[in-house]
Amino acid sequence: IEMAQAFGFIVGASAALVILFYFIRSLILFIMIMYCVASTTAISTVASVPLEILFPMTLRPVMVPCCGRVPLSGVISASAGAVMALTWFLNRHSPWAWLLQDTMSVSLCIHIMTLVRFPDVKVCTVLLSMALVYDVFWVFISPLLFSENVMIGVATGKGHTWNSTNPEPPTESIPMLIVVPKMLDWAGGGALLGLGDIVLPGLLVSFGMRVDYMKTGSAFCGYFTLLTIGYAIGLLFAMVASILMQMGQPALLYLVPCTLWSFLLMAWSRGELQEIWDGPQWASTLMPTHERGQRAVEGGDSSEMEAAGQEDDSSPRGSVSVGIDAISTGVRGGEREIRERLLQGDRNTAEPS
């Protein structure tokens, strides 16, 4: 994500929210169909990687009409994703449909976080700060301008009442949510968490994990642990505020201070804030090795080409980087690299010492 893209994301999200507020009831069926298609793609790409690692026989290519030869893992995961999406769509009003919806939504979040990365803390800080203002504005301030809560209206599928004194209750709600039923509430209902409240802080968590790997070769002794705990605390604050105020809360109002601010404070205390704030050198080391090599070729940086091509896989940092690169490449459709590495590992194991 670059700085211009960060600004464009907030502007585009605000425009889309206003359009959905006025036309959600007309667009809801189209949104649900696109949600099913996107979640099927996400499940097929996310599930295929662990499937290949756990069951190497799924690396065997099979012939698929109109697609050619594809790994068996891709066929299995895509079929499972399609069945899950279709089952949810046909039974979305059932009391157990939230389980399928949450699985599909989590897969979408994972898929997005494997495709999008922060290049430095500066872009991360700007985007999360603007997202916090965006969330607060559309939850707390929008009722003053639109006479209704725009964010809640879109999330529940109600939208704008168009000055009707007796609006019909919506039969559908927007699916891009994590839904948790209120088991102990006699009135029923459920708690809702938008995917943006997961993805945006999640991008910071993944950035912190990559920094930890490059610094220490482990993700459990630095930024990643702090950010994970901070996210849990922020989510708890949001839930308590929702109960006390008896209204929906902008989750980023609590998540951003508990994650971004704690991350910046730890980086400052370690003397690493300036290093990861600017991020030119980190932008090249915190991306997959094959992307580093490609950028080095385009830029003519021979030292970076050598580092990308001759990374020491035997060191802890090298082995971890290879693992991250393999997962990222697999999720983006580069199954060939994973197959070659796994097959090479099998050959090495089979060779006598």
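Read on for an overview of the structure. (Residues numbered from 1 in each chain as written. Predicted model: local features only at pLDDT ≥ 70, side-chain atom pairs only at ≥ 80, totals over all residues. Heavy atoms only, no water.)

As for the nonpolar core
So, point 1. With 65 residues, the main nonpolar core has Trp88, Phe118, Leu204 and Phe263 as its most contacted residues.
So, point 2. Residues contacting Phe118, with those up to four places away along its chain left out, are Ile1, Val123, Cys124, Leu127, Leu200, Leu203, Leu204, Phe207 and Arg210. (Core = buried A, V, L, I, M, F, W, Y, C linked by side-chain atoms within 4.5 Å. Buried < 20%, exposed > 50% of the residue type's maximum accessible area, 1.4 Å probe, protein only. Contact = heavy atoms within 4.5 Å.)

Looking at helix α2 (residues 72-90)
So, point 1. Given a rise of 1.5 Å per residue, 19 residues ought to cover 27 Å, and the 27 Å separating the end C-alpha atoms of α2 matches this to within 8%.
So, point 2. For α2, the complete set of buried residues consists of Ser73, Ser77, Gly81, Ala85 and Trp88. Across the axial projection of α2, the buried residues extend over an arc of 85 degrees, all falling on one side. The outward face of α2, more than 90 degrees from its buried face, is lined by the exposed residues Val83, Leu86 and Leu90.
So, point 3. Buried residues in α2 make contact with α1 (3-54), β2 (68-71) and α3 (97-115). (Helix = DSSP H or I, 4+ residues; strand = E, 2+ residues; numbered from the N terminus. Expected span 1.5 Å × (residues − 1). Arc of directions from axis to C-beta.)

Here we look at the environment of Leu193
So, point 1. Mapped onto the elements of the fold, Leu193 is located in strand β4 (residues 190-194).
So, point 2. Taking the C-alpha atoms as reference, Leu193 lies 8.9 Å from Met176; in sequence the two are 17 residues apart.
So, point 3. For Leu193, the contacting residues outside a window of four places in its chain are Leu177, Ile178, Ile198, Tyr231, Leu235 and Ala251.

Side note on the packing of aromatic side chains
For any two aromatic rings, the description comes down to two numbers: the centre-to-centre distance and the angle of the planes.
So, point 1. Following the criterion strictly, the structure yields 7 aromatic pairs and no others.
So, point 2. Taking the centre distance of 5.2 Å and the plane angle of 70 degrees together, the rings of Phe21 and Tyr22 count as edge-to-face.
So, point 3. Here the aromatic rings of Tyr223 and Phe263 are separated by 4.8 Å at their centres, their planes lie at 50 degrees, and the arrangement is tilted. Placement of Tyr223 in helix α7 (residues 223-245) and of Phe263 in helix α8 (residues 252-270) is noted, with a sequence separation of 40 residues between them. A single burial state applies to Tyr223 and to Phe263, both of which are buried.
So, point 4. Cluster of aromatic residues (ring-pair linked, three or more members): Phe21, Tyr22, Phe137, Trp138 and Phe146.
So, point 5. When the ring centre of Tyr223 is taken as origin, the NZ or CZ atom of Arg270, which lies over that ring, is 4.8 Å away. (Phe/Tyr/Trp six-rings, centres within 6.5 Å; stacked < 30°, edge-to-face > 60°. Lys NZ or Arg CZ within 6 Å of the ring centre and 35° of its normal.)

Side note on the environment of Phe224
So, point 1. By the secondary structure assignment, Phe224 is in helix α7.
So, point 2. When the C-alpha atoms of Phe224 and Val211 are compared, they prove to be 8.6 Å apart, with 13 residues separating the residues in sequence.
So, point 3. Beyond its immediate sequence surroundings of up to four residues, Phe224 is in contact with Val205, Gly208, Met209, Asp212 and Ala219.

Structural notes on the pairing of strand β1 (residues 61-64)
So, point 1. Bridge analysis of β1 against β2 gives 4 bridges, and the strand direction is antiparallel. Across the sheet, Met63 pairs through a bridge with Arg69, a residue of β2. (Pairing = 2+ DSSP bridges.)

Here we look at the pattern of salt bridges
So, point 1. Applying the stated rule across the entire model yields 3 salt bridges.
So, point 2. When the shortest N-O distance is used, the salt bridge between Arg92 and Glu172 registers 2.9 Å. Within this pair, whereas Arg92 is found in the loop between α2 and α3, its partner Glu172 is found in the loop between α5 (150-155) and β3 (177-181), the two being separated by 80 residues in sequence.
So, point 3. The class for Arg92 is partly exposed, based on a relative accessible area of 23%.
So, point 4. Where Glu272 meets Lys215, a salt bridge forms, and the shortest distance between an N and an O atom there is 4.0 Å. Taken as a pair, Glu272 in the loop between α8 and α9 (273-278) and Lys215 in helix α6 (residues 196-216) lie far apart in primary sequence, 57 residues in all.
So, point 5. Its relative accessible area of 12% is what places Glu272 among the buried residues.
So, point 6. In this structure, a network of salt bridges that share partners links the residues Lys215, Glu272 and Glu275. (Salt bridge = Lys/Arg side-chain N within 4 Å of Asp/Glu carboxyl O.)

Focus on a nonpolar patch on the surface
So, point 1. A cluster of nonpolar side chains, Phe140, Ile141, Leu144, Leu145, Leu236, Val240, Leu244, Met245 and Met247, forms an exposed patch at the surface whose accessible area comes to about 870 Å².
So, point 2. Mapped onto the nonpolar patch, the elements with two or more residues apiece are α4 (121-146) and α7.
So, point 3. As for its placement among the helices and strands, Leu244 is situated in helix α7.
So, point 4. Judged by relative accessible area, which is 68%, Leu244 ranks as exposed. (Patch = residues over 30% accessible without salt bridge, like charges linked within 9 Å, V, L, I, M, F, W, Y side chains within 5 Å. Areas by Shrake-Rupley, 256 points an atom, 1.4 Å probe, with all protein chains shown as cover.)

Thoughts on unusual backbone geometry
So, point 1. Positive phi, normally seen in glycine, also occurs at Ser147, with a value near 65 degrees.
So, point 2. Mapped onto the fold, Ser147 is located in the loop between α4 and α5.
So, point 3. Phi angles above zero are rare outside glycine, and Gln246 is one such case at about 55 degrees.
So, point 4. Mapping Gln246 onto the fold places it in the loop between α7 and α8.

Brief notes about α4
So, point 1. Here α4 contains 26 residues, and its C-alpha end-to-end distance of 35 Å stays within 8% of the 38 Å for a straight helix at 1.5 Å per residue.
So, point 2. Bending of α4 peaks at approximately 45 degrees at the position of Phe140, with proline Pro143 no more than four residues after it.
So, point 3. Backbone geometry just downstream of α4 places Ser147 in the positive-phi region, at approximately 65 degrees. (Bend = angle between axes of the 7 residues up to and from the residue.)

Notes on the packing of α4 against α8
So, point 1. Close contact between α4 and α8 brings their axes to 9 Å; oriented N to C, the two are set at 160 degrees. Relative to α8, the element α4 lies roughly antiparallel. Judged by the twist between their axes, the crossing of α4 over α8 is left-handed. In this structure, α4 contributes Val121, Cys124, Thr125, Leu128, Ser129, Ala131, Leu132, Asp135, Val136 and Phe140 to the contact, and α8 contributes Leu252, Leu253, Val256, Pro257, Leu260, Phe263 and Leu264.
So, point 2. Here the residues of the contact of α4 with α8 are counted per class, giving 14 nonpolar, 2 polar and 1 charged. (Axes fitted to C-alpha atoms, helices over the stretch in contact; angles between N-to-C directions. Parallel < 35°, antiparallel > 145°, perpendicular 65-115°, else oblique. Left-handed = near helix turned anticlockwise from the far one by under 90°. Nonpolar A, V, L, I, M, F, W, Y, C, P; charged D, E, K, R; others polar.)

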